[in-house]
Amino acid sequence: MTFGFETLAIHAGQEPDERTGAVIPPIFQTSTFAQDAVGSPRLGYEYSRSANPTRDSLQECLAALEGGSRGLTFASGLAAEDTLIRTVCRPGDHVVIPDDAYGGTYRLFAKVAQVWGVSWTAAKLSDVEAVRAAVTPETKMIWVETPTNPLLGIADIAALAGVARDAGALLVVDNTFASPYLQQPLALGADVVVHSTTKYVGGHSDVVGGALVVNDSDLASRLTFHQNAMGAINGPFDAWLTLRGLKTLAVRMERHCDNAERIAEFLVGHPKVTQVLYPGLPNHPGHEVAVKQMRRFGGMISFRLGDTDRAIAVCNNTKLFTLAESLGGIESLIEHPGQMTHASVAGSALEVPGDLVRLSVGIETADDLLADLDQALRG
Ligand SMILES: *Cc1c(COP(=O)(O)O)cnc(C)c1O
């Protein structure tokens, strides 16, 4: 039987507890497992770094939602990325990264992987030929974010999968902004999906985590080896919280999209706003590609005010939108990327404009969010 997305989000990897009937499987908050005899662990569980039933449930559920054969979860999105990089790349290898990559991803390549001999080139991912031109014989991965953070650029996953195939490189897609509900990169030809489950997957701003999802069984076993060998796993309680968030992903994303569409429309019509970056807008340069590969356009909006001080003032003036980093939770957040999330790329090719404001639109009453932005823009 094949199930729909919402059914998988609630049931994949999770059965009522066999012993007690508990509908929600218990949190296996244990480091180790009793063995019946030397060399015969029950159900293969020995030690929770290697495998834990709560983490397994989350990994199975995420794999089902992304249409992959194996999911692996980690202590954070960056822990997942680091495990992937060190599984795939050796000194002398090269990767292509987005020219507006998530700041932490950029820092991981520029300040950590580079020291170990992995070089990188930043390319404009919306330009397929620019990505092809950035590839070298040493390129092992093409790293894609779509939509990008914070400029909401769109990359054509299927086209870039072709570039990666020609280069003999893996196509990695950071699917954090879209979530598996809005976009499924493996079906479009990607080899690896990356998530910061801290964001939409967990969805409630109460847990940090990361994930990788793949289809290839050889890559899956190499990643599984490194997950255990490097040990950047998430704990059972964090896995359980993430799994709980995941159950409502579809309904949350629909409301995030409803609210974001209304706010984008409001901002487009606002005299103080000079530009609105939202892939759902027909004049967005990536709109057509977004229509092709996304179900809807997500809850992230960035906009420009033509002036850095004005952008900072708006961030300081909202009352319902909380001034905070991160994104993807049920509550609305506002931030100034230039001085907050993207401060680490200041002075680099990835520097973001100072007049930019980023919204993570939550699932509160849309009219309340509009009224708050209205007063903040007026103030
Ligand atoms: C937050 C984020 C990450 C990093 O994830 P952490 O869980 O914070 O380590 C990676 N990519 C994107 C797009 C993100 O938004």
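Everything quoted here is computed from the prediction, not taken from an experiment.

**Considering the domain arrangement of the protein**
For the protein, the assigned domains read domain 1 (5-247) and domain 2 (251-378). Placing a centre on the C-alpha atoms of domain 1 and another on those of domain 2 gives a separation of 26 Å. Opposite the 37 residues of domain 1 that make contact, domain 2 presents 40 residues. Carbon and sulfur atoms supply 62% of the area buried between domain 1 and domain 2, which totals about 3000 Å² over both sides. The largest contributions to the domain 1 side of the interface with domain 2 come from Y181, L182 and Y200, which together make up 25% of the buried area. Two residues, K292 and D156, come together in a salt bridge whose shortest N-O distance is 2.8 Å. Counting residues per element, the ones that place at least two in the side of domain 1 that touches domain 2 are α4 (103-112), α7 (179-182) and α9 (236-246).

**Notes on the UniProt feature "modified residue: N6-(pyridoxal phosphate)lysine" (unreviewed entry) in the protein**
According to UniProt, the feature "modified residue: N6-(pyridoxal phosphate)lysine" (unreviewed entry) maps to K199 in the numbering used here. Counting through the fold element by element, K199 comes out in the loop between β6 (192-196) and β7 (210-214).

**Topic: helix α3 (residues 77-88)**
For α3, which comprises 12 residues, the first-to-last C-alpha distance of 17 Å matches the rise-based estimate of 16 Å (1.5 Å per residue) to within 8%. Across the 12 residues that make up α3, a large majority, 10, are buried. All of the buried residues along α3 are G77, A79, A80, E81, D82, T83, L84, I85, T87 and V88.

**Digging into the nonpolar core**
The biggest cluster of nonpolar side chains holds 59 residues, and the ones touching the most others in it are I263, L267, I301, F303 and L359. A per-element tally of this core places helix α10 (residues 249-268) first, with eight residues. The two domains that each donate at least three residues to this core are domain 1 (5-247) and domain 2 (251-378). In this view, L359 contacts I263, L267, G299, M300, I301, F303, F321, L333, I334 and L373; residues no more than four positions away in its chain are not counted. Of all hydrophobic cores here, the second largest spans 29 residues; its members include F74, V118, V194 and L223.

**Describing the site of the ligand**
As a structural note, the neighbourhood of the ligand is formed by 13 residues, with G77, D174, S196, T198 and K199 the closest of them. In the model, an oxygen atom of the ligand is placed 2.8 Å from a nitrogen or oxygen of the T198 side chain. Protein contacts shield 91% of the accessible area of the ligand, which totals 380 Å² for the unbound molecule. At three residues, α3 tops the list of elements feeding residues into the shell around the ligand. Looking at the shell around the ligand residue by residue, the classes come out as four nonpolar, six polar and three charged.

**A short note on the environment of V172**
Locating V172 in the fold gives a position in strand β5 (residues 170-174). Here the alpha-carbon distance between V172 and A161, two residues 11 residues apart in the chain, equals 9.0 Å. The contacts of V172, once residues within four sequence positions are left out, are L84, M141, I142, W143, V144, V192 and V194.

**What about the pairing of strand β2 (residues 94-98)?**
Within β2, five of the five residues are buried, leaving the element largely enclosed by the surrounding structure. As paired elements, β2 and strand β3 (residues 119-123) share five bridges and run parallel to each other. Bridge pairing links H94 to S119 in β3. Running through α4, the crossover from β2 to the neighbouring parallel element β3 is right-handed.

**Here we look at the side chain of H270**
For H270, the location among the structural elements is in the loop between α10 and β8 (275-277). The exposure class assigned to H270 is buried, which follows from its relative accessible area of 13%. Separated by 3.1 Å, the side chain of H270 and the backbone nitrogen of K272 make a polar contact. Apart from residues no more than four positions distant in its own chain, H270 is found in contact with D374 and L377.

**Some words on the confidence of the model for the protein**
It should be kept in mind that the predicted coordinates are not to be read in detail where pLDDT is low. The pLDDT averaged across the protein works out to 96; a share of 100% of its residues lies at or above 70. Looking at the elements of the protein, mean pLDDT is at its lowest for α4, recorded as 94, and at its highest for β7, recorded as 99.

**Observations concerning the pattern of salt bridges**
Inspection of every chain in the model, using the stated rule, returns 14 salt bridges. Across the salt bridge formed by R132 and E129, the nearest N and O atoms sit 3.2 Å from each other. Taken together, the positions of R132 and E129, both in helix α5 (residues 128-134) and three residues apart, correspond to about one turn of that helix. The closest approach of N and O atoms between R378 and D374, which form a salt bridge, is 2.2 Å. Of this pair, R378 and D374 both sit in helix α13 (residues 366-378), separated by four residues, roughly a single helical turn. Taken together, the salt bridges that share partners define one network made up of E254, D258, E261 and R296.

Analysis parameters
- Residues numbered from 1 in each chain as written.
- Predicted model: local features only at pLDDT ≥ 70, side-chain atom pairs only at ≥ 80, totals over all residues.
- Heavy atoms only, no water.
- Domains from an automatic or database assignment.
- Contact = heavy atoms within 4.5 Å.
- Buried area = accessible area lost by both parts, 1.4 Å probe.
- Salt bridge = Lys/Arg side-chain N within 4 Å of Asp/Glu carboxyl O.
- Helix = DSSP H or I, 4+ residues; strand = E, 2+ residues; numbered from the N terminus.
- UniProt positions renumbered as here; feature names shortened; annotations may be inferred.
- Expected span 1.5 Å × (residues − 1).
- Buried < 20%, exposed > 50% of the residue type's maximum accessible area, 1.4 Å probe, protein only.
- Core = buried A, V, L, I, M, F, W, Y, C linked by side-chain atoms within 4.5 Å.
- Near = heavy atom within 4 Å.
- Polar contact = N/O pair within 3.5 Å; in protein donor to acceptor, adjacent residues only side chain to side chain.
- Areas by Shrake-Rupley, 256 points an atom, 1.4 Å probe, with all protein chains shown as cover.
- Nonpolar A, V, L, I, M, F, W, Y, C, P; charged D, E, K, R; others polar.
- Pairing = 2+ DSSP bridges.
- Right-handed = clockwise from strand over helix to strand, strands pointing away.
- pLDDT = per-residue confidence, 0-100.

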